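Overview (structure and organization)
Below are the chains, spelled out letter by letter.
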Amino acid sequence: MPQILIDHSPGLDFDATAFAAEVHALIPTVIDAPLDACKTLVRPALRHLVGDGASADAVVLVEIKILAGRSAALRAELSAGVTELLRAHVRVPAAFGVEITELDRESYVFVHHDGK
């Protein structure tokens, strides 16, 4: 179920696929979600701006959407783990944002479409 969205500055020398694989491996150890349920989209931005534009720092924003019901402590642990993975993967000055959001169990729908 976890849905991971990775947005990052254009031209960032960052192996987002390797990072995503490590996030996928981390998630089951923190929130007890199956590895094969993790899905990631990587969205390099066309442009970015930090503050007044004087900074050339890169930006990486990660949102992990999970079904509601995990404690704030578990969500914070996951955020901290993802932040540490970012530190290991991004080798240039950058601003990171990591957010764990909860999806409502009663209204959330995810289906596998066979294309027919």
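Residues numbered from 1 in each chain as written. Predicted model: local features only at pLDDT ≥ 70, side-chain atom pairs only at ≥ 80, totals over all residues. Heavy atoms only, no water.

Of regular secondary structure, the protein possesses two helices and four strands. Each helix (α) and strand (β) of the protein, taken in turn from the N terminus, gives the series β-α-β-β-α-β. The buried share of the protein, reckoned over its 116 residues, is 35%. Partitioning the contacts of the protein with sequence separation of at least 6, the portion at a separation of at least 24 is 79%. When the accessible surface of the protein is split by element, carbon and sulfur atoms take 55% of a total near 7,000 Å². Between the mean site of the 10 positive side-chain charges and the mean site of the 16 negative ones, the protein shows a separation of 4 Å. (Helix = DSSP H or I, 4+ residues; strand = E, 2+ residues; numbered from the N terminus. Buried < 20%, exposed > 50% of the residue type's maximum accessible area, 1.4 Å probe, protein only. Contact = heavy atoms within 4.5 Å. Areas by Shrake-Rupley, 256 points an atom, 1.4 Å probe, with all protein chains shown as cover. Lys, Arg positive; Asp, Glu negative; His and termini not counted. Charge placed at Lys NZ, Arg CZ, Asp CG, Glu CD.)

This part is about the nonpolar core. Counting residues in each nonpolar core, the largest one holds 25 residues, and the members touching the most others are F19, I27, V62, I64 and L78. Broken down by secondary-structure element, the contributors of at least two residues to this core are β1 (3-8), α1 (16-31), β3 (58-67) and α2 (72-89). Discounting residues that sit within four places of it in the chain, V62 has contacts with I4, L5, I6, F19, V82, L86, G97, V98 and E99. (Core = buried A, V, L, I, M, F, W, Y, C linked by side-chain atoms within 4.5 Å.)

Here we come to α2. Here α2 is 18 residues long and its end C-alpha atoms lie 26 Å apart, about the 26 Å a rise of 1.5 Å per residue gives. Of the residues making up α2, those classed as buried are L78, S79, G81, V82, L85, L86 and H89. The buried residues of α2 occupy an angular sector of 165° when projected down its axis, which confines them to one face. Away from its buried face, by an angle of more than 90 degrees, α2 presents the exposed residues A72 and A73. The elements touched by buried residues of α2 are α1, β3 and β4 (94-103). (Expected span 1.5 Å × (residues − 1). Arc of directions from axis to C-beta.)

This next bit is on the packing of α1 against α2. At a minimum axis separation of 10 Å, α1 and α2 run at an interaxial angle of 155°. Considering their axes alone, α1 and α2 lie roughly antiparallel with respect to each other. Judged by the twist between their axes, the crossing of α1 over α2 is right-handed. Listed contacts from α2 to A18, F19, E22, V23, L26, I27, V30 and I31 of α1 are L74, E77, L78, G81, V82, L85, L86 and H89. Counted by class, the contact of α1 with α2 contains 12 nonpolar, two polar and two charged residues. (Axes fitted to C-alpha atoms, helices over the stretch in contact; angles between N-to-C directions. Parallel < 35°, antiparallel > 145°, perpendicular 65-115°, else oblique. Left-handed = near helix turned anticlockwise from the far one by under 90°. Nonpolar A, V, L, I, M, F, W, Y, C, P; charged D, E, K, R; others polar.)

The subject of this paragraph is the sheet that holds β1. Pairing in this open sheet of four strands is mixed, and the strands run β2-β1-β3-β4 from one edge to the other. Each edge of the sheet is formed by a strand with only one pairing partner; in this case those strands are β2 (39-44) and β4. Going from strand to strand, the sheet's axes swing by 15° on average, the running direction of each strand aside. Inspection of the sheet shows β1 paired to β3 by six bridges, in the antiparallel sense. (Pairing = 2+ DSSP bridges.)

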